[in-house]
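Single-letter residue listing:
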Amino acid sequence: QVQLVESGGGLVQAGGSLRLSCAASGRTFSGYTMAWFRQAPGKERQFVARISGSGSRPLYADSVKGRFTISRDNAKNTVYLQMNSLKPEDTAVYYCTAGGVVAGIVPTSYQYWGQGTQVTVSA
């Protein structure tokens, strides 16, 4: 079993930046595909970014491409989401998740989820 704890959310003005962190338990962190999803009130949970165990294959939703960067530090069992040029429409609860090598861009393909961290972007 994997435990995931997100941190780094908060309130920021449009155009600002935040870095989210997700700390994972276990000794096999590098074997997991890691991803970030987000969910705004009244909306479906939405794919944001994914990264392979080695960090070599990042994938982004079109809505965040060029603004967000996913990365990982396997020595620290941590995955990050650097969010730049934030927009009000980025406001959501952001969730860290872990899955196997076949995990894709739908939430049901992931096995473990964190509690989420709130990101609010003001106009």
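Computed from a predicted structure; not experimentally measured. (Residues numbered from 1 in each chain as written. Predicted model: local features only at pLDDT ≥ 70, side-chain atom pairs only at ≥ 80, totals over all residues. Heavy atoms only, no water.)

(A) Broad picture of the sheet that holds strand S1 (residues 4-7). Strand order in this open sheet of 4 strands is S1-S3-S8-S7, and the pairing throughout is antiparallel. At either end of the open sheet lies a strand with only one pairing partner, and these are S1 and strand S7 (68-73). Shown here is a sheet whose adjacent strand axes are inclined to one another by a mean of 15 degrees, direction ignored. (Pairing = 2+ DSSP bridges. Helix = DSSP H or I, 4+ residues; strand = E, 2+ residues; numbered from the N terminus. Axes fitted to C-alpha atoms, helices over the stretch in contact; angles between N-to-C directions.)

(B) Inspection of the nonpolar core at higher detail. Core analysis: the largest hydrophobic core is formed by 35 residues, its most contacted members being Met34, Trp36, Val79, Leu81, Met83 and Tyr94. Counting only elements with at least two residues in this core, the list comes to strand S3 (18-24), strand S4 (33-39), strand S5 (46-51), S7, strand S8 (78-83), strand S9 (92-99) and strand S11 (117-122). (Core = buried A, V, L, I, M, F, W, Y, C linked by side-chain atoms within 4.5 Å. Buried < 20%, exposed > 50% of the residue type's maximum accessible area, 1.4 Å probe, protein only.)

(C) Spotlight on the environment of Leu81. Looking at where Leu81 falls in the secondary structure, it is placed in strand S8. Measuring from C-alpha to C-alpha, the distance between Leu81 and Ala35 comes to 9.3 Å, with 46 residues separating the pair along the chain. Not counting the four nearest positions on each side in its chain, Leu81 is found in contact with Leu18, Arg19, Leu20, Trp36, Val48, Ala49, Phe68, Thr69, Ile70 and Tyr94. (Contact = heavy atoms within 4.5 Å.)

(D) Local environment of the state of the cysteines. Summed over the entire model, instances satisfying the criterion amount to 1 disulfide. A sulfur-sulfur distance of 2.1 Å marks the disulfide that ties Cys22 to Cys96. The sign of the S-S torsion, about -80 degrees, decides the handedness of the disulfide formed by Cys22 and Cys96: left-handed. Residue Cys22 is located in strand S3, and its partner Cys96 is located in strand S9; the two are separated by 74 residues in the primary sequence. Take Cys22: its relative accessible area is 0%, and that puts it in the buried class. The class for Cys96 is buried, based on a relative accessible area of 0%. (Disulfide = S-S within 2.5 Å.)

(E) Spotlight on the side chain of Ser52. Among the secondary structure elements, Ser52 is positioned in the loop between S5 and strand S6 (59-60). For Ser52, a relative accessible area of 12% puts it in the buried group. Within the structure, Ser52 has its side chain in polar contact with the backbone nitrogen of Ser56 (distance 3.2 Å). A polar atom in the side chain of Ser52 sits 3.4 Å from the backbone nitrogen of Arg57. (Polar contact = N/O pair within 3.5 Å; in protein donor to acceptor, adjacent residues only side chain to side chain.)

(F) Seen up close, the pattern of salt bridges. Applying the stated rule across the entire model yields 3 salt bridges. Salt-bridge contacts for Lys65 lead to Asp62; the nearest nitrogen and oxygen are separated by 3.4 Å. We classify Lys65 as exposed; its relative accessible area is 51%. Overall, Asp62 belongs to the exposed group, its relative accessible area being 68%. (Salt bridge = Lys/Arg side-chain N within 4 Å of Asp/Glu carboxyl O.)

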